[in-house]
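# Structural features, examined
Below are the chains, spelled out letter by letter.
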Amino acid sequence: MQFQAHWIWKRGEAIPRNVVMQFRQTFHLTQPLPSMSLHISADSRYILFLNGVRLGYGPARAFHEHYEYDTYDVSPHLAEGINVIAVMVQHWGEGTFLQRVGRAGLLVQLDNQLTHETVVATTEDWRVKRAYSYRQDTVRIACQLPWEEQFDARLEEKGWTTTLFDDTTWEHAVELGPVGMQPWGDLLARTIPFLSDEPVSPVRITAAGLWRRPEVVAAIHLLPYIAPGDLTVKKQYIDIVLATILQMPEKGEVTVKICSPYGQGPQLIIDGQVSEWQPSSSDREVECQLAQGDHVLLLNWQGEGHDLDITITVSGQEGMSVRPLLENSESCWYIAVTPWESRAAILHATTIDELLASGGTWQVVSALNAPTVDVYMDITSSRVVIEQHSQVSLPIDVPATEPQLAQHYLIDFGREVIGWITFELEAPAGAIIDLVGIEGIQKGQLQWTEYMNNSLRYTCRDGLQTYTSTTRRGFRYLVIAVHSATAPVRLNTLLTSLSTYPGRQRGSFRCSDVRLTQIWEMCAYTLRMCTEDTFTDCPAYEQTLWTGDAYIDTMVHAVVHGDPRIVKRNLKLVADSLRYLPVVNSQVPSDWEEDLIPNWSWLWTLGCLEYYHYTGDLQTIQELYPALVQQADFILQARNTFGLFEMRGVWHLLDWAPLDDREPNIIAHENIFAVAALRATAALARIVNDMSAVERYEQGADQMQSAINNVFWSEQEQAYVDSLHGDGELSTTISQPTNISALFVEVATKQRASVLMPAVVKKPDHWVRTGSPWMLSFNLQVLAREKKSSEMLTMIRNYWGDMLDKGATTTWEAFAGWMPNGRWSRSWCHAWSTMPAYVLSSVVLGIRPLEAGFAHSLIAPQLCGMSWAQGSMPTPHGEIDVWIEAEAGSLMLQVHLPSEISAEVRLPVHKKSNPGVIGSIARITQVDNEWRIALPQGSRVTIEV
């Protein structure tokens, strides 16, 4: 691709925070042209319009060194005469888990593919204007994600994406430089298709009554004060006191509420008295009696934090407000950073004078860093005035409301969705529509998504209007609050444009056990909700490519979709993180890099091997191989005197269970999976014919396996302990996750493995149990490998079936009853819990590759007491279709193979008579108690036993 275009932006800041810019360029065509391609990239994200039509969103997440551009076929949208390209670019300006922070920019080029001429390119001739309709001073959605969307339609320049708009008052853009400039370097073409765009309408709408909003909403964005100049999203040490003055118009009871941050969070002190936070229906709160007048409200915070956005609300007394310590300040908040010896005096202050005389060095928090709107906290802090639970339908007529009162509605889409919210309404200017997305309802109680603002505020202009959100959100339910309307509001339409990785679901599974069929479909749909420009952990509160989660995603995607492009993109994106780190990062392309998870790094290697098995894509393995070698060599170099892998300053995560795996311990499970990574690297080295590496990594794996058995095995417990303590003593903690890992990786001797196998199904009383569906996925794989399929299916029916019984449409991050706070789950749509789909297809249907890319395949079905099962397995050569039915002591199997695939069918021997094969010549042999039937390429056969 030859770029004539230059990167452009608006004059001013190179890295503006939470700013939306609008760019335009008009051009003339004497006639519509049949082959016109528009290439575009932006930092951080763009929304593209052509002649008023919204065409797309991008670019896909990537490291700047391998930044990407998108290409659109725009011929159908061009017209004779004047045309206009309009682009909205949001620059986040701080790091997220989706992208490392870089400078802002836009690049566009329109090419005639027939003549190879550039028709339009970004230069200083383009027009640009800041979109003030998008509020800048907002809270972060979460530490993983950028900023809460707040849009004021009164400030929008209507029609700016169309040819009729007059942009002569807009500035000319500033050219930054040609393609190849830093930080983006040479651009790569997008390797995956654009996401889907499927309208989904609500299935149920409930009027939820009239609610009183909190009198005070006060937020703070702390990063610029705690770590000035640091734009990353890494954890920070927090040592601050925040101060404001709460004004009470009269004596009364109030409720102070705070959003839940990751970690400890701040202490609340009012007039020198500590108030202890208590759990509430969402987040935490304090109820207290306050006298009329001014009260010193302090937030005292010491400790490590990842969320650096804090919001408090105060409810209960009309006319309450907060004000700063000094008049004419930008915001209500003052901050003292590292107050040292003055902290005691500050915390005991009961008046402004005492606070100012405390010796602390105070600075006012800027208006930009002190948002006065937090939609999530506004809605969750509201109190019901008139309760209502009546079903309504669109259009909805909402009566006029006072600013402090809101009409609430609960919108149910019937299942988890992720995408763009679009609505049409008629409203007076200034009416406000607040929305918060949630994923679940537990025993009638709304389950607010923890640690995030899954929210949107839309302020109406006068009249009929339509809005499509600029942030993709995941949810099943929307809570809508309509307030500040001086006249009635009519909500005409509301839908979500479902936006996931596109393509046909090629895999399928059905069986006589309806419960198992539903579980497979639930897992498949979950994976779809967690697949966009990469695999993601969940569509709601993180939307992050976690490397370890992606191992399971890779396997489940192979049996559900079988599209190698998205898997390849994931694996390469993870490999790119080795530019900065000794092992691949736990989430990419992220600005959080100080908490590596070694187990997640090792699972990336296993994912590479699985990818090769299912695709046979040697070229991609060759491209990934240097990164695989770099990581494997680091494992060998990081061994200690015990011969074990040891790495400090990282997150030793395997499972949510309370394992004994904190530093300075040497961690058993981390070494076990390191052995798996070394063996997988050796297997891949053999594939690329690097035989010296094969020997190096196999030898290293054998040595580490021996060290694991020497150090971590407890003869007394007849199990592997979790860790070796820094003082040389063995941990006394025995856990399912550690011992399941040993069985999965096969580091245990045969005798030890036989001792441990019962614990796969039933935990011994004194062991720490598995803490997540993620970890239980390894139990399923061990049971499948050991041909204990009945026990495997029982586990799936019980654990995943319980989700179905509780109304789940997607798999949860946790099993009900396993969360310490009583919630059924934190995330209600989590792809790390989708392993049942893989084992049902690969074990019950029995379809697996015997050669890379399914060139020669295994079909070894196991009905385990069911009467029938059927399904399809996607392969690079087409689908393998299988139907198996058992009746009256006989077994009938139908197999359809693609023309380039041969297969070996394996069936149990029940009688001495040979199986009958109809439809193809087949070679039949008996090996022990198993029939083996060799089918040639393209066979379509019926086999009877």
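All values derive from a computational prediction rather than experimental measurement.

Procedures and definitions
- Residues numbered from 1 in each chain as written.
- Predicted model: local features only at pLDDT ≥ 70, side-chain atom pairs only at ≥ 80, totals over all residues.
- Heavy atoms only, no water.
- Helix = DSSP H or I, 4+ residues; strand = E, 2+ residues; numbered from the N terminus.
- Rg over C-alpha atoms; globule rule 2.2 N^0.38 Å.
- Contact = heavy atoms within 4.5 Å.
- Areas by Shrake-Rupley, 256 points an atom, 1.4 Å probe, with all protein chains shown as cover.
- Lys, Arg positive; Asp, Glu negative; His and termini not counted.
- Charge placed at Lys NZ, Arg CZ, Asp CG, Glu CD.
- UniProt positions renumbered as here; feature names shortened; annotations may be inferred.
- Buried < 20%, exposed > 50% of the residue type's maximum accessible area, 1.4 Å probe, protein only.
- Pairing = 2+ DSSP bridges.
- Axes fitted to C-alpha atoms, helices over the stretch in contact; angles between N-to-C directions.
- Parallel < 35°, antiparallel > 145°, perpendicular 65-115°, else oblique.
- Left-handed = near helix turned anticlockwise from the far one by under 90°.
- Nonpolar A, V, L, I, M, F, W, Y, C, P; charged D, E, K, R; others polar.
- Core = buried A, V, L, I, M, F, W, Y, C linked by side-chain atoms within 4.5 Å.
- Phe/Tyr/Trp six-rings, centres within 6.5 Å; stacked < 30°, edge-to-face > 60°.
- Lys NZ or Arg CZ within 6 Å of the ring centre and 35° of its normal.

## Points about the overall build of the protein chain
Within the protein chain, the secondary structure is distributed over 17 helices and 57 strands. Taking 2.2 N^0.38 as the reference for a compact globule, 945 residues should give roughly 30 Å; the C-alpha atoms of the protein chain span a radius of gyration of 30 Å, in line with that estimate. Of all intrachain contacts in the protein chain linking residues separated by at least 6 positions in sequence, the fraction that spans at least 24 positions is 77%. Of the roughly 34,800 Å² of accessible surface on the protein chain, 48% is carried by carbon and sulfur atoms. Distance between charge centres in the protein chain, computed from 71 positive and 108 negative side chains, equals 5 Å.

## Observations regarding the UniProt feature "domain: Alpha-L-rhamnosidase concanavalin-like" (unreviewed entry) in the protein chain
The positions that UniProt labels "domain: Alpha-L-rhamnosidase concanavalin-like" (unreviewed entry) are, in the present scheme, residues 407-485. End C-alpha to end C-alpha, residues 407-485 measures 10 Å, and it is 0% helix and 71% strand.

## Some details on the pairing of strand S27 (residues 309-315)
A large share of S27 lies buried, amounting to 7 of its 7 residues. Sheet topology places strand S21 (residues 252-258) next to S27; 4 bridges connect them, and they run antiparallel. Looking across to S27, one finds that Ile258 is bridged to Ile312.

## Some details on the packing of helix H16 (residues 789-805) against helix H17 (residues 835-844)
Geometry of a packed helix pair, given as the angle between the helix axes and the separation of the axes. Following both chains from N to C, one finds H16 and H17 inclined at 150 degrees, their axes separated by 11 Å at the closest point. The orientation of H16 with respect to H17, classified from their angle, is roughly antiparallel. The interaxial crossing formed by H16 with H17 has left-handed handedness. Along the contact surface, H16 presents Ser789, Met792, Leu793, Ile796 and Trp800, while H17 presents Pro836, Val839, Leu840, Val843 and Val844.

## Some words on the packing of helix H7 (residues 564-576) against helix H9 (residues 618-637)
Across the interface, H7 lies against H9 with an axial gap of 10 Å and an inter-helix angle of 20 degrees. Taken together, the axes of H7 and H9 are roughly parallel relative to one another. When you trace H7 past H9, the crossing you get is left-handed. Only Thr620, Glu623, Leu624 and Ala627 of H9 make contact with H7, whose side of the interface consists of Lys568, Leu571, Lys572 and Ala575. Of the residues belonging to the contact of H7 with H9, the class tally is 4 nonpolar, 1 polar and 3 charged.

## Some points on the side chain of Ser714
Position of Ser714 relative to the elements: it lies in strand S45 (residues 713-714). Ignoring anything within four residues of it in the chain, the contact list for Ser714 reads Ala719 and Val721.

## What about the nonpolar core?
Counting residues in each nonpolar core, the largest one holds 220 residues, and the members touching the most others are Phe423, Trp604, Phe712 and Ile796. Contact partners of Phe712, with chain neighbours within four places excluded, come to Leu644, Ile666, Ile667, Ala668, Ala719, Tyr720, Val721, Ser723, Leu724 and Leu730. One finds Leu242, Val286, Leu299 and Leu410 within the second-largest nonpolar core, a separate group that totals 49 residues.

## Details of the packing of aromatic side chains
Tallied over the full model, the rule gives 43 aromatic pairs. When the centroid spacing of 6.5 Å and the interplanar angle of 40 degrees are considered together, the rings of Trp651 and Trp656 count as tilted. Residue classification places Trp651 among the partly exposed residues on the basis of a relative accessible area of 29%. Put simply, the rings of Phe97, Trp546, Tyr551, Trp592, Trp600, Trp651, Trp656, Phe673, Phe744, Trp774, Phe778 and Trp832 pair up and form one aromatic cluster. A cation over an aromatic ring shows up here: Arg100 above the ring of Tyr580, its NZ or CZ 3.9 Å from the ring centre. Geometry around Trp147 places Arg140 over its ring, the cationic atom sitting 5.4 Å from the centre.

## Some details on the sheet that holds strand S49 (residues 856-859)
Strand order in the open sheet formed by 5 strands is S48-S49-S53-S56-S55, and the pairing between neighbours is mixed. Lying at the two open borders of the sheet, with one neighbouring strand each, are strand S48 (847-849) and strand S55 (923-927). In this sheet, neighbouring strand axes are inclined to one another by 25 degrees on average, regardless of whether the strands run parallel or antiparallel. As defined by bridge partners, strand S53 (residues 902-908) adjoins strand S56 (residues 930-935) across 6 bridges and the pair is classed as antiparallel. Bridged to Pro908 within S56 is Glu930.

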